[in-house]
Amino acid sequence: MNDDDIHGLSGAYAVDAVDDVERARFEAHLAGCSECRDEVASLRAAATELTSLTLTTPPASLRASILGDVSDVRPLPPLVVPDEAPSAVTSLESKRSERAQRAPLRQWLAGVAAAAVLATGGLVWHPWSSDTGTVQLTAMEQVLQAKDAQRFVQKVGDATATIVRSPSLKKAVIVTANMPNAPEGKVYELWLQQGESMIRAGLMPAGDANTVLLEGDAASASAVGITVEPASGSETPTLPPVAVISFA
């Protein structure tokens, strides 16, 4: 998946239309991309407005018209100006102008979603609260989108482990990609290093790509450890660890 593809997932992620692998990769990217965080927040805010709509009977042709329009529109990824490009400074204003032209897409998305609900006469699941009219983020999403989010990346063989920590929330999330399966009958266990002790922080599900919210106070921890343990986990880590990702 290239950079343009990962940026292009913002719309699908905002409406929970990604699979587990895409979610893990995009959430790792989201921690370091303010443009995508803004895009997701904007799309979810637009979707929130749908909660005030009134159900009416649409014309029979509306559904086919909407589905036809959807197939012809592809969201554009955020514009990225390479650091090494010699004309980056002089072209900044033109890039901003191009980006501003994407704003109608958000309005179009909200309109299409609203019309789709009317056309089908049904209900869709959404990750926001219709009672309060405000976006409700999970604890994991709060960490990934926190203003003070810190990102720590470490290679584990051919795999990549990314820790995103929010000191203000005292929480951390681990995002893994290309992680090999634990040996049969074993599981990867996560640990927070507190001083000289390793404190249990949860088990990692099977699969090569996962996003897991760590248990415990990550603000006072100095590192995250990964070990291989029996399927039910252990009270103390088995050494040597698979990886130790330091917050230093």
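Structure report, in brief. It should be emphasised that the depicted structure is a prediction, and the values quoted were computed from it without experimental measurement. (Residues numbered from 1 in each chain as written. Predicted model: local features only at pLDDT ≥ 70, side-chain atom pairs only at ≥ 80, totals over all residues. Heavy atoms only, no water.)

### Some points on the packing of aromatic side chains
Phase 1: Here the structure, examined in full by the defined rule, presents 2 aromatic pairs.
Phase 2: Ring geometry for Tyr-13 against Phe-26: centres 5.0 Å apart, planes inclined by 45 degrees, an arrangement best described as tilted. Of this pair, Tyr-13 sits in helix 2 (residues 10–14) while Phe-26 is found in helix 3 (residues 20–30), placing the two residues 13 residues apart along the sequence. Both residues of the pair, Tyr-13 and Phe-26, belong to the buried class.
Phase 3: Pairing Phe-152 with Phe-247 gives two aromatic rings, centres 5.1 Å apart and planes at 50 degrees, and the pair type is tilted. With Phe-152 in strand 1 (residues 150–156) and Phe-247 in the segment after strand 8 (243–246), the pair connects residues that are 95 residues apart, well separated along the chain. (Phe/Tyr/Trp six-rings, centres within 6.5 Å; stacked < 30°, edge-to-face > 60°. Helix = DSSP H or I, 4+ residues; strand = E, 2+ residues; numbered from the N terminus. Buried < 20%, exposed > 50% of the residue type's maximum accessible area, 1.4 Å probe, protein only.)

### Focus: the sheet that holds strand 3 (residues 171–177)
Phase 1: Across the sheet, which stays open at both edges, the 4 strands sit in the order 1-2-3-6 with antiparallel pairing between neighbours. Edge positions in the open sheet fall to strand 1 and strand 6 (210–213), since each of these has one partner strand only. On average, adjacent strands in this sheet sit at an angle of 15 degrees to one another, irrespective of strand direction.
Phase 2: Where strand 1 meets strand 2 (residues 159–166), 7 bridges bridge the pair, whose relative direction is antiparallel. Bridge pairing in strand 2 links Gln-154 to Ala-161. (Pairing = 2+ DSSP bridges. Axes fitted to C-alpha atoms, helices over the stretch in contact; angles between N-to-C directions.)

That is the geometry; function is a separate question.
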